[in-house]
Amino acid sequence: MSELGQVLQRAREEKGITLDDIQRITKIQKRYLEAIERGHFHVLPGHFYARAFIKSYAEAVGLDPNHIMSHFQSDLPAQPPTEQVERLRRRRVASTNSPLQAGRWVTKTLLVLFIALIIGVIYIAVVNSNGGTMTQPIPGSSVNPGAEIVTPGNGGGAAASPIAQQPNPPASVTPTPDPVTTPEQVTEAPKTTITFESQQGSMYNFAVQGDEKMTVKLKVKDDRSWFGVSEGKGKKYVEEGELKKGEEKTIELGKSAYVRLGKPMTVELTVNGVVVDTSKMKSMPSNIVLKMKEAVTQ
């Protein structure tokens, strides 16, 4: 048993908490919790989840997860070299593809400009070929069948067919004024504003204004993350589970929300369409409290 595992087990026993209780609180399988206490970190599913599980265990038994991670750094599982090599390989592939993608974009742009140029040349050629000889009817007059209208400057001394007499003007009609309608007053819907208030360890507190209820939307941008959403800390989760890259979940709540994210920096969190920045939340998991507050009237 490692020293880290002994510290976590001692803290759990002092609080009278069983491994089943820890499993229910953290959603971590019991066999992984036992492996942490015994120091068998190789049993855990990867380097990232090993550290995340240890942080969650420490928080559940009332210990400071950041202090535990820094104090027992030597006991923690090191990142495998294969993961580092894979990251370097991905960076090289991305940097190699960037010039190729830029070249394709330039080629498409030039092709569009060339097509537009050809269309413009054809249009100018068609207009010039007409030479301004297009005939137009005289407004307000009718022309007998077979009559020909010759524009000034064309035809020299050619005689034009007589134009039929103009019809009598129609009888004047007194216009009826349209009924005046009074536009209805449109009340603009209040816009939601979210204000950061405070942070206490892994707890982030936000104030929400502008709506009567909350619509919480979660979308994973990269990797995967566990989540749990309720209407307040300590209350039963309305929704919980794990989301993978590209997956999203929308939850309708009342005037308060409690969101717990296993890996917050990979999750895009929006409340009533407003983005809550989780990129700087380094604690895993992180707890986000949102409370509705009435707007101050002046």
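Residues numbered from 1 in each chain as written. Predicted model: local features only at pLDDT ≥ 70, side-chain atom pairs only at ≥ 80, totals over all residues. Heavy atoms only, no water.

S.K.: When you look at the packing of aromatic side chains in this model, what are you seeing that I'm missing?
M.R.: The description of an aromatic ring pair rests on the distance of the ring centres and on the angle between the ring planes. Counted according to the given criterion, the structure contains five aromatic pairs. Clustering of aromatic rings is evident, with ring pairs tying together Tyr32, Phe48, Tyr49 and Phe53. Just above the ring of Phe48 sits the side chain of Lys263; from NZ or CZ to the centre is 4.0 Å. (Phe/Tyr/Trp six-rings, centres within 6.5 Å; stacked < 30°, edge-to-face > 60°. Lys NZ or Arg CZ within 6 Å of the ring centre and 35° of its normal.)

S.K.: Please explain the sheet that holds strand S1 (residues 193-200) as it appears in this structure.
M.R.: Spatial strand order, S1-S2-S10-S7-S4-S5: six strands in an open sheet with mixed pairing. The open sheet has two edge strands with one neighbour each: S1 and strand S5 (239-244). Averaged over all pairs of adjacent strands, the angle between their axes in this sheet comes to 20°, without regard to strand direction. As judged from the six bridges shared by strand S7 (residues 256-261) and strand S10 (residues 286-292), these two strands associate in the antiparallel manner. Paired with Ala257 across the strands is Leu290, a residue of S10. (Pairing = 2+ DSSP bridges. Helix = DSSP H or I, 4+ residues; strand = E, 2+ residues; numbered from the N terminus. Axes fitted to C-alpha atoms, helices over the stretch in contact; angles between N-to-C directions.)

S.K.: Before we go on, may I ask you to explain the nonpolar core in this structure?
M.R.: Where a protein is soluble and globular, its nonpolar side chains tend to be buried together. In this structure, Leu4, Leu8, Ile22, Leu44, Ile54, Tyr57 and Ile68 are the most contacted members of the largest nonpolar core, which totals 25 residues. Residue assignment for this core shows that the elements contributing at least two residues are helix H1 (3-14), helix H2 (19-26), helix H3 (30-38), helix H4 (47-60) and helix H5 (65-71). With six residues, the top contributor of residues to this core is H4. For Ile22, the contacting residues outside a window of four places in its chain are Arg12, Ile17, Lys27, Leu33, Tyr57, Ala60 and Val61. (Core = buried A, V, L, I, M, F, W, Y, C linked by side-chain atoms within 4.5 Å. Buried < 20%, exposed > 50% of the residue type's maximum accessible area, 1.4 Å probe, protein only. Contact = heavy atoms within 4.5 Å.)

S.K.: Can you walk me through H1 in this structure?
M.R.: Spacing of three or four residues puts side chains on the same side of an α-helix, whose turn is 3.6 residues. The end-to-end C-alpha distance of H1 is 16 Å, a good match for the 16 Å that 12 residues give at a rise of 1.5 Å each. Buried within H1 are the following residues: Leu4, Gly5, Val7, Leu8, Gln9, Ala11 and Arg12. Where H1 is buried, its residues meet H2, H3, H4 and H5. Immediately downstream of H1, the backbone of Gly16 shows phi near 70°, a positive value. (Expected span 1.5 Å × (residues − 1).)

S.K.: Could you clarify how one ought to interpret the pattern of salt bridges in this entry?
M.R.: Close approach of charged atoms allows side chains with opposite charge to pair. With the rule as written, the count across this model stands at nine salt bridges. Lys293 is the partner of Glu197 in a salt bridge, and the nearest nitrogen-oxygen pair spans 2.6 Å. Taken together, the residues span a long stretch of sequence, with Glu197 in strand S1 and Lys293 in the segment after S10 at a distance of 96 residues. A relative accessible area of 43% means that Glu197 is categorised as partly exposed. (Salt bridge = Lys/Arg side-chain N within 4 Å of Asp/Glu carboxyl O.)

S.K.: Got a minute to help me understand a nonpolar patch on the surface in this structure?
M.R.: Taken together, the side chains of Leu111, Phe114, Ile115, Ile118, Ile119, Ile122 and Val126 present a nonpolar region at the surface, about 670 Å² in accessible area. With respect to the secondary-structure elements, Leu111 resides in helix H6 (residues 81-130). (Patch = residues over 30% accessible without salt bridge, like charges linked within 9 Å, V, L, I, M, F, W, Y side chains within 5 Å. Areas by Shrake-Rupley, 256 points an atom, 1.4 Å probe, with all protein chains shown as cover.)

S.K.: Explanation requested: the sheet that holds strand S8 (residues 267-271) in the structure shown.
M.R.: Sheet strands pair by backbone hydrogen bonding; their relative direction is either parallel or antiparallel. Overall, antiparallel pairing links the four strands, which are arranged S6-S3-S8-S9 in an open sheet. Lying at the two open borders of the sheet, with one neighbouring strand each, are strand S6 (248-253) and strand S9 (274-276). When strand polarity is set aside, the average angle formed by the axes of neighbouring strands in this sheet is 25°. When strand S3 (residues 214-220) meets S8, the two strands line up antiparallel, connected through five bridges. Paired with Lys219 across the bridge in S8 is Glu268.

S.K.: How should the layout of surface pockets be read in this particular structure?
M.R.: A probe as big as a water molecule, rolled over the atoms, marks out the empty space that is left. Its volume calculated, the second largest pocket comes out at about 380 Å³. Forming the boundary of the second largest pocket are 20 residues, of which Lys27, Ile28, Tyr49, Phe53 and Trp226 lie nearest the centre. Elements with a minimum of two residues in the lining of the second largest pocket: H4 and strand S4 (224-230). A total of five residues in the lining of the second largest pocket trace back to one element, the largest contributor, which is H4. Tallied by class, residues from the lining of the second largest pocket come to 10 nonpolar, five polar and five charged. (1 Å grid on protein atoms, 1.4 Å probe; cavity = no way out; pocket = protein on both sides within 12 Å on 5 of 7 lines; lining within 4 Å. Points joined across faces, edges and corners; volume = space filled by probe spheres on them. Nonpolar A, V, L, I, M, F, W, Y, C, P; charged D, E, K, R; others polar.)

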